[in-house]
Amino acid sequence: MIKHTVLLLPLVAVSSFAKQEQRRPNILFVIADDQSYPDASIYGSSMVRTPGFDLVASQGALFNNAYVTSPGSSPSRASMLTGMYPWQIEEAGTHASSFPAKYICYPDILAKSGYHIGFTGKGWGPGDWAVSGRLHNPAGPEYNTHKLDPPYSGISKVDYTANFKQFLSERDKDQPFCFWLGTHEPHRPYENMSWLKEGNNLSMAAVPGFLPPSDDVKGDLLDYAVEIEWFDKHLMNCIEELKRIGELDNTIIIVTADNGMSFPHAKANCYDAGLHVPLAICWGDKVKPSQVVNNLVSLVDLAPTILQIAGLEPHTMHVGESLLPLITGNGQTYSRKTVFAGRERHSYSRFDNWGYPMRSVRWKNYLLVHNFHPERWPAGDPQELGKNDEPKEIHKGYFDIDAAPSKDYLVSHRNDPSVTPFFNASVAKRPEYELYNLKNDPACMKNIASDTKFNNIISEMKQMLQTKLEETNDSRIGSNPEIWESYPRTEGKMRKFPDKN
């Protein structure tokens, strides 16, 4: 395991509560890149130790049912920043495109009210924020000058902790701050076998139900866990720095991830592993310690939450509601009973850069997924074209799944009867509607949409989804549903695939 310095003292700052009451609170938003629930030790994970995350949760609130609005980085982060669903923010609602300046982000609202803002690591992205005329990344001005020598090749050289310290040093005395600490971990690639160098063993791997329990998959999961621990190490460092300067008790700390783990059937999918993320929030003695929140919450609620913390009104375009009542003793006023999500294009994975549009709703223990183009391959076309448009080897496509040992294992063992169901669940074509009972099937492997016992459930959830998409003006169900295919892709390798016509 990556070594951590464990805080032995509770989260108590030097300054007095009376003095804090006269100051606006600071906000530290810490976001991992591609981490699923329940991959933190306080959730009971056997393969990762996260003392930083666990400390935030134990000194505040731990959320068991937090969901992002999209299973991909760019649209999910844009949704957090704007307080709007991905289908409401045009190009910013798809992957690696642009971010129209007319969509106001909470850091800019805070800056206008006097906050010192900034980010380190990964802010909003991938994509081109400058083309719309923005002066800096939507997460704030960049603090990425400090570098380090990482322990493994898959880990970024950005020294998140040092950049946070520089950011703090540049604020005016007693100026409140809002900082976005976005690590590049545990985004792929990972250094293969880094888990072995950490002294771990395969028996520690917690294999989710949508992956086969092979040694290749277990090792891949443990490499992922090593990078989560690197993320957590910097979280702990920043907590210690806040404590050192006497700002800890006046800082609300929010820790989460942008989407699920970078494995088949997870990231880039509106299944539970693609949308369900860790979330913990603490705020000195303003939030009662050791709370466990089981309510369904959406991270579209973060922007209005942060603005309320700062004493500001939510923006008129916000569709979420503040999470603050849930963690300050007024949970009965939090009204959310459903969470919604969607995706369009993820990577360049199909003919003519087509996406794979999905929308989903989670309600009670059920997850409904609507696949708008079931004739397309959900993980991308199976076969890429090479030089002179010659077809490459079949099953070497599926580029909506990041390159990984787990993906390679599924492809190479696809004809093994014990592996075939996992391969098909990840890459085979899907029906228009899927319904999963997450209580019995958290891995989303058994589609019960055609089971007549659930006719009333699926009918009610279809109406919930339709109503929400209408209320929020989703073009996918409007007069121009294919406008998403016209949004430019600004980053990533451009590939060629066989013409579908």
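Counting restarts for each chain, with residues numbered from 1 along the sequence as it is written. Totals for whole chains, interfaces and linings use every residue, but because this is a predicted model, local features are given only for residues with pLDDT of at least 70 and side-chain atom pairs only at 80 or more, for both listing and counting. In computing side-chain values, all of the structure's heavy atoms are included and hydrogens and water are not.

A. Molecular detail of the overall build of the protein. Broken down by element type, the protein carries 13 helices and 12 strands. Atoms considered for the radius of gyration are the C-alpha atoms alone. The globule rule reads 2.2 Å times the number of residues to the power 0.38. In terms of overall size, the protein behaves like a compact globule, its C-alpha atoms giving a radius of gyration of 22 Å where 501 residues would be expected to give roughly 23 Å. If you line up the protein on its principal axes, its C-alpha atoms span 65 × 55 × 50 Å. Here, residues are in contact when the closest pair of their heavy atoms is within 4.5 Å. Sequence-distant contacts in the protein: of pairs separated by 6 or more residues, those separated by 24 or more amount to 71%. Only the protein chains shown count as covering a residue, and every accessible area follows the Shrake-Rupley method with a 1.4 Å probe. When the accessible surface of the protein is split by element, carbon and sulfur atoms take 51% of a total near 19,100 Å². Measuring between centres, the 51 positive side-chain charges of the protein sit 1 Å from its 59 negative side-chain charges. A helix here means a DSSP run of H or I that spans at least four residues, while a strand means a run of E at least two residues long, and both kinds are numbered starting from the N terminus. The sign given to each residue is positive for Lys and Arg and negative for Asp and Glu; His and the chain ends receive no count. For the purpose of locating charges, the reference atoms are NZ of Lys, CZ of Arg, CG of Asp and CD of Glu.

B. A look at the UniProt feature "domain: Sulfatase N-terminal" (unreviewed entry) in the protein. Here, UniProt's "domain: Sulfatase N-terminal" (unreviewed entry) annotation points to residues 25-311. Taken end to end, residues 25-311 has its terminal C-alpha atoms 9 Å apart, with 28% of it in helix and 16% in strand. UniProt positions are given in the numbering used here, feature names are shortened, and annotations may be inferred rather than shown by experiment.

C. How the structure looks around the side chain of Asp-258. Tracing the backbone through its elements, the reader meets Asp-258 in the loop between strand S5 (251-257) and helix H8 (272-275). To sort residues, take the accessible area from a 1.4 Å probe on protein chains only and compare it with the maximum for the residue type: under 20% means buried, over 50% means exposed, and anything in between is partly exposed. On the basis of relative accessible area, Asp-258 is assigned to the buried category, the value being 0%. At 2.9 Å, the side chain of Asp-258 and the side chain of Ser-73 are in polar contact. Only 2.9 Å separates the side chain of Asp-258 from the side chain of Arg-77, close enough to count as a polar contact. Setting aside anything within four residues of it in sequence, one finds Asp-258 in contact with Ile-31, Ala-32, Asp-33, Asp-34, Val-68, Ser-70, Ser-73, Ser-76, Arg-77, Met-80 and Lys-122. Think of a polar contact as two N or O atoms within 3.5 Å of one another; within protein, one of them needs to be a possible hydrogen donor and the other a possible acceptor, and neighboring residues in sequence only count if both atoms come from side chains.

D. Quick look at the nonpolar core. Counting 126 residues, the largest nonpolar core has Leu-28, Phe-63, Tyr-106, Leu-110, Phe-164, Ile-253 and Leu-279 as the members making the most contacts within it. With 14 residues, the top contributor of residues to this core is helix H7 (residues 215-244). Three or more residues apiece are contributed to this core by two domains, here domain 1 (26-332) and domain 2 (342-485). Each residue touching Ile-253, except ones within four places of it in the same chain, is listed here: Leu-28, Val-56, Leu-235, Ile-239, Leu-242, Leu-248, Ala-280, Ile-281 and Cys-282. Here, the term nonpolar core denotes a set of buried Ala, Val, Leu, Ile, Met, Phe, Trp, Tyr and Cys residues that are joined through side-chain atoms within 4.5 Å. Grouped together as the second largest cluster of nonpolar side chains are 21 residues, Phe-340, Trp-363, Met-461 and Trp-484 included. The split into domains, and so the bounds of each, comes from an automatic or database assignment of domains.

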